[in-house]
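Understanding the architecture of this molecule
Listed below are the residues making up each chain.
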Amino acid sequence: MIRRHELSDAEWEFVRPLLPDSLRGRKRLDDRTVLNGIMWKFRTGTAWRDVPERYGSWATLHTRFRRWAKDGTFERMLRAAQAKADAAGDLEWLVSVDSTIVRAHQHAAGARKGGSAPRDSAGPPGRAFPPAAARRRVIGRISSEEQ
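In what follows, the accompanying structure is described. Not measured: the values here are computed from a predicted model. (Residues numbered from 1 in each chain as written. Predicted model: local features only at pLDDT ≥ 70, side-chain atom pairs only at ≥ 80, totals over all residues. Heavy atoms only, no water.)

1. Description of the overall build of the chain
For the chain, the count of helices and strands is 5 helices and 0 strands. Going residue by residue from the N terminus, the α and β elements of the chain occur as α-α-α-α-α. Counting the 147 residues in the chain, one finds 20% classified as buried. Here the contacts in the chain between residues at least 6 apart in sequence split such that 50% fall between residues at least 24 apart. (Helix = DSSP H or I, 4+ residues; strand = E, 2+ residues; numbered from the N terminus. Buried < 20%, exposed > 50% of the residue type's maximum accessible area, 1.4 Å probe, protein only. Contact = heavy atoms within 4.5 Å.)

The following block contains the structure:
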């Protein structure tokens, strides 16, 4: 029985020759089962750990996915599928380029609402108090005038 997110027999026959052969280590989990698990994960949008056990260990699926992504297996599958669809006339190579420019209004540049704050001569705009050196000068002036 073919489940909802699994490869059909025709799809499997198309993909099987594109998968790399395992030449090392012990006998591994069937490639069709692993590929069905990977497809289930991406079609449902779940985390790797939530893939059903019928597809094998989630760690095996993730490792095989990373390995196949790194060695270009998925790119080969895509190119082969595109070539097959193009040869059958099912693929239309239409390219659309959008060069629209969107500009923000000058008031969207992070300015304060209600205009700018009044500038204090002792420091840069937005500073609540003048710098420490300016405060010392003012305090020193006041104390010398009191004497």
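That was the structure; now back to the text.
2. Looking at the packing of helix H3 (residues 58-71) against helix H4 (residues 73-87)
Two elements in contact, H3 and H4, have axes whose closest approach is 5 Å; the angle formed by their N-to-C orientations is 65 degrees. Between H3 and H4, the angle falls in the class roughly perpendicular. Here Phe65, Trp68, Ala69 and Asp71 of H3 lie close against H4, whose contacting residues are Thr73, Phe74 and Arg76. When grouped by side-chain class, the residues that make up the contact of H3 with H4 number 4 nonpolar, 1 polar and 2 charged. (Axes fitted to C-alpha atoms, helices over the stretch in contact; angles between N-to-C directions. Parallel < 35°, antiparallel > 145°, perpendicular 65-115°, else oblique. Nonpolar A, V, L, I, M, F, W, Y, C, P; charged D, E, K, R; others polar.)

3. Here's the deal with the environment of Trp12
Here Trp12 lies in helix H1 (residues 9-15). For Trp12, a relative accessible area of 9% corresponds to the buried category. In sequence terms Trp12 and Leu35 are 23 residues apart; their C-alpha atoms lie 9.5 Å from each other. With near-sequence residues (within four places) excluded, Trp12 lies in contact with Leu7, Leu19, Asp31, Arg32 and Leu35.

4. Here's the deal with the nonpolar core
If you look at the biggest cluster of nonpolar residues, it comprises 16 residues, and the most contacted ones within it are Leu19, Leu35, Leu61, Trp68 and Met77. Where this core is concerned, the elements lending two or more residues are H1, helix H2 (31-44) and H3. If one sorts the elements of this core by residue count, H2 sits on top with 5 residues. Setting aside its immediate chain neighbours within four residues, Leu19 contacts Trp12, Asp31, Trp68, Thr73 and Met77. (Core = buried A, V, L, I, M, F, W, Y, C linked by side-chain atoms within 4.5 Å.)

5. Some words on the packing of H2 against H3
At a minimum axis distance of 10 Å, the contact between H2 and H3 shows a crossing angle of 90 degrees. On the basis of the axis angle, H2 is roughly perpendicular to H3. Residue-level inspection shows Asp31, Val34, Leu35, Gly37, Ile38 and Phe42 of H2 in contact with H3, the latter providing Leu61, Arg64, Phe65 and Trp68. Along the lines of polarity and charge, the residues of the contact of H2 with H3 split into 7 nonpolar, 1 polar and 2 charged.

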